[in-house]
Amino acid sequence: MSDGIETVIYPVSDLARAKALYGTLLGVEPSQDESYYVGFDVAGQGVGLDPNGHKGATGPVVYWRVADIASSLKALIDDGAETLQEVHDVGGGKLIARVKDADGNVIGLAQSA
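Quick summary incoming for the structure in this document. These numbers come from a predicted model, not from an experiment.

1. Notes on the overall build of the protein
Now for step 1: Each helix and strand counted, the protein has two helices and eight strands in total.
Now for step 2: Moving toward the C terminus, one meets the helices and strands of the protein in the order β-α-β-β-β-β-α-β-β-β.
Now for step 3: Seen through its principal axes, the protein has C-alpha atoms that stretch 40 × 25 × 20 Å.
Now for step 4: Split by element, the accessible area of the protein, about 6,500 Å² in all, is 51% carbon and sulfur.

Right, dumping it as structure tokens:
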């Protein structure tokens, strides 16, 4: 079902401070730098900073790369996951969705355009 990790998104309260810290940690400049999101690309791995708490997340959310987000979402729901966020386009044709497993862990799905 998955092709690996697409992006890890961290909810942050101070975007400027987090951008400096993660820039130092990752050793790269942001590939996307907006007031609502800062993203880094590290050897093909996405790392994002979300000052809006990433839809109420209290910790990092990992988005798994999938080829068919609708069928992947359905399969997870059929296996007991609870939908947190239906499939939607976040720009450029990239689709994401989120579910929660029985232990409360958040699982993100991402399908690139």
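2. Brief notes about the nonpolar core
Now for step 1: In terms of nonpolar packing, the biggest core is built from eight residues, these being Val12, Leu15, Ala18, Tyr22, Val38, Phe40, Val47 and Leu49.
Now for step 2: For this core, the secondary-structure elements that each account for two or more residues are helix H1 (15–26), strand E3 (37–42) and strand E4 (45–50).
Now for step 3: The biggest single contributor to this core is H1, with three residues.
Now for step 4: Those residues within four positions of Val38 in sequence are excluded, and the remaining contacts are Leu15, Lys19, Pro30, Gln32, Asp33, Val47, Gly48 and Leu49.

3. A closer look at unusual backbone geometry
Now for step 1: The phi torsion at Ala43 lies on the positive side, around 50°, for a residue other than glycine.
Now for step 2: Following the sequence through the fold, Ala43 ends up in the loop between E3 and E4.

4. Details of the pairing of strand E6 (residues 82–89)
Now for step 1: Of the strand pairs in this sheet, E6 and strand E7 (residues 95–100) are connected by five bridges, and their pairing is antiparallel. Bridged to Gln85 within E7 is Arg98.
Now for step 2: Where E6 hands over to E7, the hairpin turn is made up of five residues, of which Gly91 adopts a positive phi near 120°.

5. Let's talk about the pairing of strand E1 (residues 2–11)
On any regular strand, side chains alternate: one points to one face of the sheet, the next to the other face.
Now for step 1: Sheet topology places E1 next to strand E5 (residues 61–66); five bridges connect them, and they run antiparallel. Along E5, the bridge assignment pairs Ile9 with Val61.

6. Some remarks on the environment of Leu49
Now for step 1: Secondary-structure assignment places Leu49 in strand E4.
Now for step 2: For Leu49, a relative accessible area of 0% puts it in the buried group.
Now for step 3: Along the primary structure Leu49 and Tyr36 are separated by 13 residues, whereas in three dimensions their C-alpha atoms are 8.6 Å apart.
Now for step 4: Each residue touching Leu49, except ones within four places of it in the same chain, is listed here: Tyr10, Val12, Leu15, Ala18, Lys19, Tyr22, Tyr37, Val38 and Phe40.

Cut-offs used in this document
- Residues numbered from 1 in each chain as written.
- Predicted model: local features only at pLDDT ≥ 70, side-chain atom pairs only at ≥ 80, totals over all residues.
- Heavy atoms only, no water.
- Helix = DSSP H or I, 4+ residues; strand = E, 2+ residues; numbered from the N terminus.
- Areas by Shrake-Rupley, 256 points an atom, 1.4 Å probe, with all protein chains shown as cover.
- Core = buried A, V, L, I, M, F, W, Y, C linked by side-chain atoms within 4.5 Å.
- Buried < 20%, exposed > 50% of the residue type's maximum accessible area, 1.4 Å probe, protein only.
- Contact = heavy atoms within 4.5 Å.
- Pairing = 2+ DSSP bridges.

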